[in-house]
Amino acid sequence: MLNPDLQKKLLAEGREFMKNDHNSAYTDFESDQNLKLPQPPLVKEPMSNHAELLPRNFEDLEMEQDFIKLLTERKSSRVYTQQPLSLLQLSFLLWATQGIKDIRGKSYATLRTVPSGGARHAFETYLLVQHVEGLRPGAYHYLPMGHQLEFLHPVDDLPAQISTSLEGQSWAAKASVIFYWSFVPYRCEWRYGIFAHRPALMDAGHLGQNLYLACAALGLGTCAVAAFDRQMCDSLFTLDGEEEFTVYASPVGTISPKDHSSEKAFYQFVEDEGL
Ligand SMILES: Cc1cc2nc3c(=O)[nH]c(=O)nc-3n(C[C@H](O)[C@H](O)[C@H](O)COP(=O)(O)O)c2cc1C
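Report on the accompanying structure. All of these numbers come straight from a predicted model, not from anything done at the bench. (Residues numbered from 1 in each chain as written. Predicted model: local features only at pLDDT ≥ 70, side-chain atom pairs only at ≥ 80, totals over all residues.)

### Considering the overall build of the protein chain
Step number 1: A tally of helices and strands in the protein chain yields nine helices and nine strands.
Step number 2: Radius of gyration (C-alpha) of the protein chain: 20 Å, near the 19 Å computed for a compact globule of 275 residues.
Step number 3: Taken over the C-alpha atoms alone, the protein chain extends approximately 60 × 50 × 40 Å along its principal axes.
Step number 4: Residues classed as buried in the protein chain amount to 36% of the 275 residues present.
Step number 5: For the protein chain, the proportion of contacts with a sequence separation of at least 24, taken over those separated by at least 6, is 76%. (Helix = DSSP H or I, 4+ residues; strand = E, 2+ residues; numbered from the N terminus. Rg over C-alpha atoms; globule rule 2.2 N^0.38 Å. Buried ≥ 20, exposed ≤ 12 C-beta atoms within 10 Å, placed from the backbone. Contact = placed C-beta atoms within 7 Å.)

Okay, structure coming up:
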């Protein structure tokens with residue numbers, strides 16, 4: 001059991017982080033932007049020379065259009081039928097979560113399908129692909145500037161790696177693709193410095209919610225995941241753990257719209273486990 005004093009201290013630290021009261025305490029704070037230091041890049045450079053353009057003919061996708069129905073049907077799905085996603089479906093999910101619609105000013109900021117405090121958009125998207133038509137299984141990185149996907153490397157025993165990377169949540173091993181989002185702190189620290197981190201976590205929620213709604217529109221299932229092994233996720237995508245580290249994950253898979261019996265049993269398990 002955690003030492004009660006240590007526990008108290010850690011709880012207090014967590015609450016301080018959420019309160020973000022630095023404004024009144026550190027009035028002499030100057031951001032790197034105020035100090036006229038150069039702005040960091042808006043997106044990460046390609047990590048390989050295997051970038052492929054993704055299809056953008058989203059009008060060809062079969063999609064639920066009724067927004068009220070989408071909100072009603074959005075839910076966390078953890079039982080997947082292991083059918084492949086089409087490349088167009090995956091392309092839509094990437095665009096819905098991080099797609100770039102416009103560039104503001106002279107490469108000053110990106111405007112995307114999600115909002116972000118100060119348009120900092122301090123996230124990168126990585127995937128472990130298991131079943132997507134036209135893609136070999138393995139690790140990928142999304143390049144939002146050109147709406148491209150780059151293959152990084154193959155991954156041995158994908159189902160086991162997926163489950164371990166998500167703290168043993170073995171249901172995720174049947175997903176067709178797993179989204180892992182990293183945070184690149186300096187992209188927002190440059191402007192917001194010591195105030196950067198709490199809004200960035202709020203921003204992460206927008207990616208998760210857009211993924212939920214885009215999956216609902218396509219009849220796919222997803223489930224946000226906060227219980228992941230950060231170090232393992234970082235090493236899967238060769239992130240250094242300081243200038244870039246994993247903050248959120250979401251498996252996506254095909255689901256059966258009719259047979260809810262296995263899902264019901266699973267929800268009971270989720271409730272029992274307090275997930
Ligand atoms: C930030 C966040 C983290 C979550 N982490 C997990 C997780 O690690 N494992 C899991 O099974 N569900 C996880 N969930 C899903 C929640 O359990 C789920 O959203 C909640 O039970 C409500 O169900 P609903 O999404 O179907 O409305 C997470 C949800 C959010 C928003």
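### Quick word on the sheet that holds strand β5 (residues 138-143)
Step number 1: Pairing is antiparallel across the open sheet formed by seven strands, whose spatial order is β1-β6-β5-β4-β7-β9-β8. This sheet does not close on itself; its edge strands, each paired only once, are β1 (51-53) and β8 (220-222). Recorded for the sheet is a direction-independent mean angle of 30 degrees between the axes of neighbouring strands.
Step number 2: Alignment of strand β7 (residues 177-183) against strand β9 (residues 245-254), held across seven bridges, turns out to be antiparallel. Its bridge partner being in β9, Phe183 is matched across the sheet by Phe245.
Step number 3: Sheet strands in contact with helix α4 (residues 87-98) are β4 (123-129), β5, β7, β8 and β9, and its direction is about 160 degrees off that of β4. (Pairing = 2+ DSSP bridges. Axes fitted to C-alpha atoms, helices over the stretch in contact; angles between N-to-C directions.)

### Here's the deal with the packing of α4 against helix α7 (residues 197-218)
When two helices pack together, their arrangement is given by the angle between their axes and by how far apart the axes lie.
Step number 1: Between α4 and α7, the shortest axis-to-axis distance is 8 Å and the interhelical angle comes to 145 degrees. Considering the relative orientation of α4 and α7, their crossing is right-handed. Of the residues in α7, those in contact with Gln89, Phe92, Leu93, Ala96, Thr97 and Gln98 of α4 are Leu207, Asn210, Leu211, Ala214 and Leu218.
Step number 2: Classifying every residue of the contact of α4 with α7 by side-chain character gives seven nonpolar, four polar and no charged. (Left-handed = near helix turned anticlockwise from the far one by under 90°. Nonpolar A, V, L, I, M, F, W, Y, C, P; charged D, E, K, R; others polar.)

### Considerations on the pairing of strand β6 (residues 148-153)
Step number 1: Here β1 runs beside β6; their pairing, made up of three bridges, is antiparallel. Residue pairing in the sheet places Ala51 in a bridge with Glu150 of β6.
Step number 2: Remark: four residues form the turn of the hairpin made by β5 and β6, two consecutive strands paired antiparallel; His147 in that turn has positive phi of roughly 45 degrees.

### Considerations on the pairing of β4
Step number 1: Of all seven residues making up β4, seven are buried, and the element is well covered by its neighbours.
Step number 2: Side-chain alternation along β4 places Phe123, Thr125, Leu127 and Val129 on one buried face and Glu124, Tyr126 and Leu128 on a second face that is also buried.
Step number 3: Summarising the sheet, β4 and β7 pair through seven bridges and their orientation is antiparallel. Its bridge partner lying in β7, Thr125 is registered against Trp181.
Step number 4: In the sheet, β4 pairs with β5 via four bridges, with the strands oriented antiparallel. Each residue of the ladder has a partner; that of Leu127, found in β5, is Tyr140.

### Things to note about the site of the ligand
Step number 1: Surveying the vicinity of the ligand reveals 11 residues, the closest of which are Lys75, Ser76, Ala224, Ala226 and Ala227.
Step number 2: Of the residues contributing to the shell around the ligand, the split by class is seven nonpolar, two polar and two charged. (Near = placed C-beta within 6 Å.)

### Some thoughts on the nonpolar core
Soluble globular proteins tend to pack their nonpolar side chains together in the buried interior.
Step number 1: Judged by nonpolar contacts, the single largest core of 62 residues is most densely connected at Val177, Ile178 and Ala249.
Step number 2: Looking at this core, the elements that each hand over two or more residues are α4, β4, β5, β7, α6 (186-192), α7, α8 (230-236) and β9.
Step number 3: Per element, the largest residue contribution to this core is 10 residues, and it comes from α7.
Step number 4: Here Val177 is in contact with Leu85, Leu90, Leu127, Leu128, Val129, Gln130, Val132 and Val252, once residues within four sequence places are set aside. (Core = buried A, V, L, I, M, F, W, Y, C linked by C-beta atoms within 7 Å.)

### Some thoughts on the environment of Thr110
Step number 1: Checked against the element boundaries, Thr110 lands in strand β3 (residues 109-112).
Step number 2: In this structure the C-alpha to C-alpha distance between Thr110 and Ile100, which are 10 residues apart in sequence, comes to 6.4 Å.
Step number 3: Residues in contact with Thr110, not counting those within four places in the same chain, are Leu42, Ile100, Ile103, Ala119 and His121.

### Remarks on the environment of Ile255
Step number 1: In this fold, Ile255 is placed in the loop between β9 and α9 (261-273).
Step number 2: Here the alpha-carbon distance between Ile255 and Thr97, two residues 158 residues apart in the chain, equals 20 Å.
Step number 3: Sequence-distant contacts of Ile255, defined by excluding residues within four places in its chain, comprise Ser77, Val79, Tyr80, Thr81, Leu220 and Gly221.

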